[in-house]
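Observations on the three-dimensional arrangement
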Amino acid sequence: MTIDSEENLCSLVFIQKGSALLPVKAETFSIRLADTLKQEVDEIARLFRRSRSFVINEAVSACVSGRADHLRQLDDAVSSAESDIGHSSGQIFAWLRTWGTKEEIASPNPDIFPAK
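Computed from a prediction, not measured in an experiment: that's the story for all the values here.

**A word on the packing of helix α2 (residues 35-48) against helix α3 (residues 52-83)**
- Relative to each other, α2 and α3 sit at 105°, their axes nearing to 8 Å. As judged from the angle between their axes, α2 and α3 are roughly perpendicular. Facing α2, whose interface residues are Lys38, Val41, Asp42, Ile44 and Ala45, α3 presents Arg52, Val55 and Ile56.
- Its residues placed into classes, the contact of α2 with α3 shows 5 nonpolar, no polar and 3 charged.

In structure tokens, the structure reads:
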């Protein structure tokens, strides 16, 4: 397990105000973790010299942010597919099946066009 940098890890829990880093106010609540996950969290906390709470807060924040971004991208893709030029699933899967073969074909031209 790797973490990009301590600076990236800290940026999610602390906000910059002038030249000082101020902790973000947080509510306390309990969670249950499998023993192996708890040990991994404790190891990361030890390596970064941070609390278990800090590490878990960072993990949850990154997960929620990533999921929210993913859902926004899916919404954008659905909106685009409903209103723009695109490719049918049959066309895309036929193209993908040729990847890595001697019969590999170039990317197909769009076969779905907006209604006029």
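**Here we look at the nonpolar core**
- Core analysis: the biggest nonpolar cluster contains 6 residues, these being Val41, Ile44, Ala45, Phe48, Phe54 and Val55.
- Mapped by element, the contributors of at least two residues to this core are α2 and α3.
- For this core, the element with the highest residue contribution is α2, accounting for 4 residues.

**Considering the packing of aromatic side chains**
- Evaluation of the coordinates by the stated rule reveals 1 aromatic pair.
- For the pair tryptophan 95 and tryptophan 99, a centre-to-centre distance of 5.1 Å together with 90° between the ring planes defines the contact as edge-to-face.
- Lying over the aromatic face of phenylalanine 54, arginine 50 brings its terminal NZ or CZ to 4.7 Å of the ring centre.

**Quick word on the side chain of threonine 98**
- With respect to the helices and strands, threonine 98 occurs in the segment after α4 (89-97).
- Since its relative accessible area comes to 14%, threonine 98 is described here as buried.
- In this structure the side chain of threonine 98 is engaged in a polar contact, spanning 2.7 Å, whose partner is the backbone oxygen of tryptophan 95.
- Residue contacts for threonine 98: discarding those within four places in its chain leaves Glu103, Glu104 and Ile105.

**Topic: the pattern of salt bridges**
- In the structure shown here, the tally under the stated rule is 4 salt bridges.
- The salt bridge partner of arginine 46 is glutamate 43, with a shortest N-O separation of 2.7 Å. Of this pair, arginine 46 and glutamate 43 both sit in helix α2, 3 residues apart, roughly one helical turn.
- The class for arginine 46 is exposed, based on a relative accessible area of 54%.
- We classify glutamate 43 as partly exposed; its relative accessible area is 34%.
- Ionic pairing is found between arginine 72 and aspartate 69, a salt bridge with its closest N-O pair at 2.4 Å. Of the two residues, arginine 72 and aspartate 69 are both situated in helix α3; the distance of 3 residues between them amounts to about one turn of the helix.
- Residue arginine 72 is classed as partly exposed on the basis of its relative accessible area, which comes to 47%.

Calculation rules
- Residues numbered from 1 in each chain as written.
- Predicted model: local features only at pLDDT ≥ 70, side-chain atom pairs only at ≥ 80, totals over all residues.
- Heavy atoms only, no water.
- Axes fitted to C-alpha atoms, helices over the stretch in contact; angles between N-to-C directions.
- Helix = DSSP H or I, 4+ residues; strand = E, 2+ residues; numbered from the N terminus.
- Parallel < 35°, antiparallel > 145°, perpendicular 65-115°, else oblique.
- Contact = heavy atoms within 4.5 Å.
- Nonpolar A, V, L, I, M, F, W, Y, C, P; charged D, E, K, R; others polar.
- Core = buried A, V, L, I, M, F, W, Y, C linked by side-chain atoms within 4.5 Å.
- Buried < 20%, exposed > 50% of the residue type's maximum accessible area, 1.4 Å probe, protein only.
- Phe/Tyr/Trp six-rings, centres within 6.5 Å; stacked < 30°, edge-to-face > 60°.
- Lys NZ or Arg CZ within 6 Å of the ring centre and 35° of its normal.
- Polar contact = N/O pair within 3.5 Å; in protein donor to acceptor, adjacent residues only side chain to side chain.
- Salt bridge = Lys/Arg side-chain N within 4 Å of Asp/Glu carboxyl O.

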